[in-house]
Amino acid sequence: DWATHVDFCMRDGSIISAMSDGVRRRTFGYDTGKFTKEEFRYISATDDETNIFEAFVESQLGKPYDYGAVFSFFWPWRDWQSFLAWDCSELGAQGFYECGKYPKKDAMQASKFTPRDLRLLTSFITESG
């Protein structure tokens, strides 16, 4: 899959993402020219689901980047939901779990969560049209 990074657009227009400098709030367009392909997805959600997702992601601001995620293919026992550090896709997957968009049984069985995985998950919860 071509997807290598995930950001989350908040209702206030800011972007929250997890990169090498950790989980940070960024301005829209901070990555202009850094990627050859971008895709935006609009997730169908109630106000309550959106509030829960945003509250969770914002509560993780300042957490470090999870470099262990890069090596998760070698550590199948790794818990990507440890809340100690995040990579971009795992932060989003946990946010979707917190607001009820990602089933607990699926979340608990995974040892890693990649941008490709998040792309597949959002294909089921994306607004059409």
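Structural data are supplied above this passage.
Residues numbered from 1 in each chain as written. Predicted model: local features only at pLDDT ≥ 70, side-chain atom pairs only at ≥ 80, totals over all residues. Heavy atoms only, no water.

Undergrad: Describe the environment of Ala45, listing the residues and the values that go with them.
TA: Positionally, Ala45 belongs in the loop between strand S3 (22-26) and helix H1 (47-59). Among the residues examined, Ala45 registers a relative accessible area of 36% and is labelled partly exposed. Between the C-alpha atom of Ala45 and that of Lys101, which follows or precedes it by 56 residues, the distance is 8.5 Å. Sequence-distant contacts of Ala45, defined by excluding residues within four places in its chain, comprise Thr50 and Lys101. (Helix = DSSP H or I, 4+ residues; strand = E, 2+ residues; numbered from the N terminus. Buried < 20%, exposed > 50% of the residue type's maximum accessible area, 1.4 Å probe, protein only. Contact = heavy atoms within 4.5 Å.)

Undergrad: How would you summarise the nonpolar core if you had to cite specific residues and measurements?
TA: Counting 19 residues, the largest nonpolar core has Val57, Leu91 and Leu118 as its most contacted members. The contacts of Leu91, once residues within four sequence positions are left out, are Phe8, Ile16, Ala18, Val23, Phe56, Val57, Gln60 and Trp86. (Core = buried A, V, L, I, M, F, W, Y, C linked by side-chain atoms within 4.5 Å.)

Undergrad: Explain the side chain of Ser14 residue by residue, including any values.
TA: Among the structural elements, Ser14 can be located in the loop between strand S1 (8-9) and strand S2 (15-19). Of the polar contacts made by the side chain of Ser14, one reaches the side chain of Asp12; its length is 2.6 Å. Contact partners of Ser14, with chain neighbours within four places excluded, come to Phe8, Cys9, Arg25 and Arg26. (Polar contact = N/O pair within 3.5 Å; in protein donor to acceptor, adjacent residues only side chain to side chain.)

Undergrad: Outline the packing of H1 against helix H2 (residues 88-98), listing residues and values.
TA: Put simply, H1 and H2 touch, their axes get as near as 8 Å, and they point 140° apart. It follows that H1 is oblique to H2 by the angle criterion. Read as a crossing pair, H1 and H2 show a hand that is right-handed. When H1 is examined against H2, the residues Ile52, Phe53, Phe56 and Val57 are found in contact with a partner set consisting of Leu91, Gly92, Gln94, Gly95, Phe96 and Glu98. (Axes fitted to C-alpha atoms, helices over the stretch in contact; angles between N-to-C directions. Parallel < 35°, antiparallel > 145°, perpendicular 65-115°, else oblique. Left-handed = near helix turned anticlockwise from the far one by under 90°.)

Undergrad: Let's hear about the packing of aromatic side chains: which residues, and what values?
TA: Under the definition given, this model contains 7 aromatic pairs. Ring geometry for Tyr65 and Tyr67: centres 4.8 Å apart, planes at 75°, overall edge-to-face. Take Tyr67: its relative accessible area is 48%, and that puts it in the partly exposed class. An aromatic cluster is present here, built from Phe8, Phe53 and Phe96 joined pairwise through their rings. (Phe/Tyr/Trp six-rings, centres within 6.5 Å; stacked < 30°, edge-to-face > 60°.)

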